[in-house]
Amino acid sequence: MLKDKVHTLIRDDRYNFFWAFLLTVGTMFLAMSYAQIVPWGKYYFLSGDLYVQYATFGSLLAEKIKEGSNLFYSAHIGLGANTALTWAFYCFSPVDIIYFLTDNLPIATQLVIMIKTGLMAMFFQIFCRYNLKCNQRHTILFSMCYGLCAFQMQVSFMSSLTEGMYFLPLVLILIKYMLEKKRITPLILAYASVFVAN
C-alpha cells in the first residue's frame, strides 16, 4: 500500500509541484552545505540588511511574543524605538513562523530562505500547469530555475522583498481564474496576502 503511494507520488505528473518544491529546497541546501554555510559549516548566510534588520526583527518578534512583552516599543534599538511599523514591514511573512520554532538565528534564517525559494519554484510549476497548460516533467526544471535565479539569490538578503517572487505566479493563476470563472474573491485574498506579507 505504501509502496503504491510512493510510486504514484513519483510517477504522477499531478505532483510535479511537490517535486519542484522539494528539489529546489534540496539544491539550495546542497549549495549552502558546499559553501560551508550553517548548519555544519563555519559561515553564516547573515550579512547586510538580512543580519541587521530582517532576521533580527523576526527573532525579536518571536522572543517578544514568547515573553509576552510589549510589542510596540523596544529598547533593543538604539535608545529605544516604536516597533509596530517595523514588525509590519519585516515580519509578516507566513514563512517567518520558523523564528518561533528555533532560537538559533542563523539556522532559522537559512530555513526561511530555503522555504521561500521552494515556494517560488512550487508556485511557478503550478503556474505552468494551469496558465500555460504544461505539466510535463521539464516544468520542474524551469520552476527550479525560477526559484534559484540570480535575482532571487540577491534579493534573499532583503528577505521581505522575496514575498513578491513567490506570490507573483499565484496572483497570475488567480487573475486567469477570475477571468474564466468570474470570481474575484480568491484574487482579493491573494492581493491581501501580498500586501500583508510585504
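Residues numbered from 1 in each chain as written. Predicted model: local features only at pLDDT ≥ 70, side-chain atom pairs only at ≥ 80, totals over all residues. Heavy atoms only, no water.

Draft legend 1. Inspection of the overall build of the chain at higher detail. When helices and strands are tallied, the chain shows ten helices and two strands. Start at the N end of the chain and walk to the C end: the helices and strands fall as α-α-α-β-β-α-α-α-α-α-α-α. Here the chain holds 198 residues, and 40% of them are scored as buried. A fraction of 61% describes how many contacts in the chain between residues 6 or more apart in sequence connect residues 24 or more apart. A total accessible area of about 11,400 Å² is found for the chain, and carbon and sulfur atoms account for 69% of it. (Helix = DSSP H or I, 4+ residues; strand = E, 2+ residues; numbered from the N terminus. Buried < 20%, exposed > 50% of the residue type's maximum accessible area, 1.4 Å probe, protein only. Contact = heavy atoms within 4.5 Å. Areas by Shrake-Rupley, 256 points an atom, 1.4 Å probe, with all protein chains shown as cover.)

Draft legend 2. Layout of a nonpolar patch on the surface. Judged by side-chain polarity, Leu2, Val6 and Ile10 come together as a nonpolar surface patch covering roughly 280 Å² of accessible area. Among the structural elements, Val6 can be located in helix 1 (residues 2-11). Take Val6: its relative accessible area is 41%, and that puts it in the partly exposed class. (Patch = residues over 30% accessible without salt bridge, like charges linked within 9 Å, V, L, I, M, F, W, Y side chains within 5 Å. Salt bridge = Lys/Arg side-chain N within 4 Å of Asp/Glu carboxyl O.)

Draft legend 3. Fine view of the state of the cysteines. Applying the stated criterion across every chain yields a total of zero disulfides. With no disulfide partner, Cys128 has as its closest neighbouring cysteine sulfur the one in Cys134, 6.4 Å distant. (Disulfide = S-S within 2.5 Å.)

Draft legend 4. Structural view of the nonpolar core. Ranked by size, the top nonpolar core spans 27 residues in total, and within it Tyr99, Leu119, Phe123 and Tyr166 carry the most contacts. Every element with two or more residues in this core is listed here: helix 3 (48-67), helix 5 (98-101), helix 6 (105-130), helix 9 (163-181) and helix 10 (185-197). Per-element tally for this core: the top contributor is helix 6, with eleven residues. Leave out the neighbours within four places in its chain, and Phe123 touches Tyr166, Pro169, Leu170 and Ile173. Counting seven residues, the second-largest nonpolar core is a separate cluster that includes Tyr54, Leu60, Leu61 and Trp87. (Core = buried A, V, L, I, M, F, W, Y, C linked by side-chain atoms within 4.5 Å.)

Draft legend 5. The arrangement of the packing of helix 9 against helix 10 in detail. Between helix 9 and helix 10, whose axes approach to 9 Å, the crossing angle comes to 165°. When the axis of helix 9 is compared with that of helix 10, the two are roughly antiparallel. Between helix 9 and helix 10 lies a crossing whose hand is left-handed. Only Pro186, Leu187, Ala190, Tyr191, Ser193, Val194 and Ala197 of helix 10 make contact with helix 9, whose side of the interface consists of Glu163, Phe167, Val171, Leu174, Ile175, Tyr177 and Met178. Split into classes, the residues belonging to the contact of helix 9 with helix 10 amount to twelve nonpolar, one polar and one charged. (Axes fitted to C-alpha atoms, helices over the stretch in contact; angles between N-to-C directions. Parallel < 35°, antiparallel > 145°, perpendicular 65-115°, else oblique. Left-handed = near helix turned anticlockwise from the far one by under 90°. Nonpolar A, V, L, I, M, F, W, Y, C, P; charged D, E, K, R; others polar.)

Draft legend 6. Up close: the side chain of Thr162. Looking at the element boundaries, Thr162 is found in the loop between helix 8 (150-155) and helix 9. Using a relative accessible area of 2% as the deciding quantity, one classes Thr162 as buried. If we skip the residues at most four places from it in the chain, Thr162 touches Lys116, Met120, Gln152, Val155 and Ser156.

Draft legend 7. Quick look at the packing of helix 2 (residues 16-34) against helix 7 (residues 138-147). Two numbers describe how helix 2 lies on helix 7: the axes approach to 9 Å, and their chain directions differ by 45°. The pairing of helix 2 with helix 7 is recorded here as oblique in orientation. Judged by the twist between their axes, the crossing of helix 2 over helix 7 is right-handed. On helix 7, the residues touching Asn16, Trp19, Ala20, Leu23, Thr24 and Thr27 of helix 2 are Thr139, Ile140, Ser143 and Met144. Class assignment of the residues belonging to the contact of helix 2 with helix 7 gives a composition of five nonpolar, five polar and no charged.

Draft legend 8. View of the environment of Val196. In this structure, Val196 sits in helix 10. On the basis of relative accessibility, which here comes to 48%, the residue Val196 falls in the partly exposed class. Taking the C-alpha atoms as reference points, Val196 and Cys91, 105 residues apart in sequence, are found 9.6 Å from one another.

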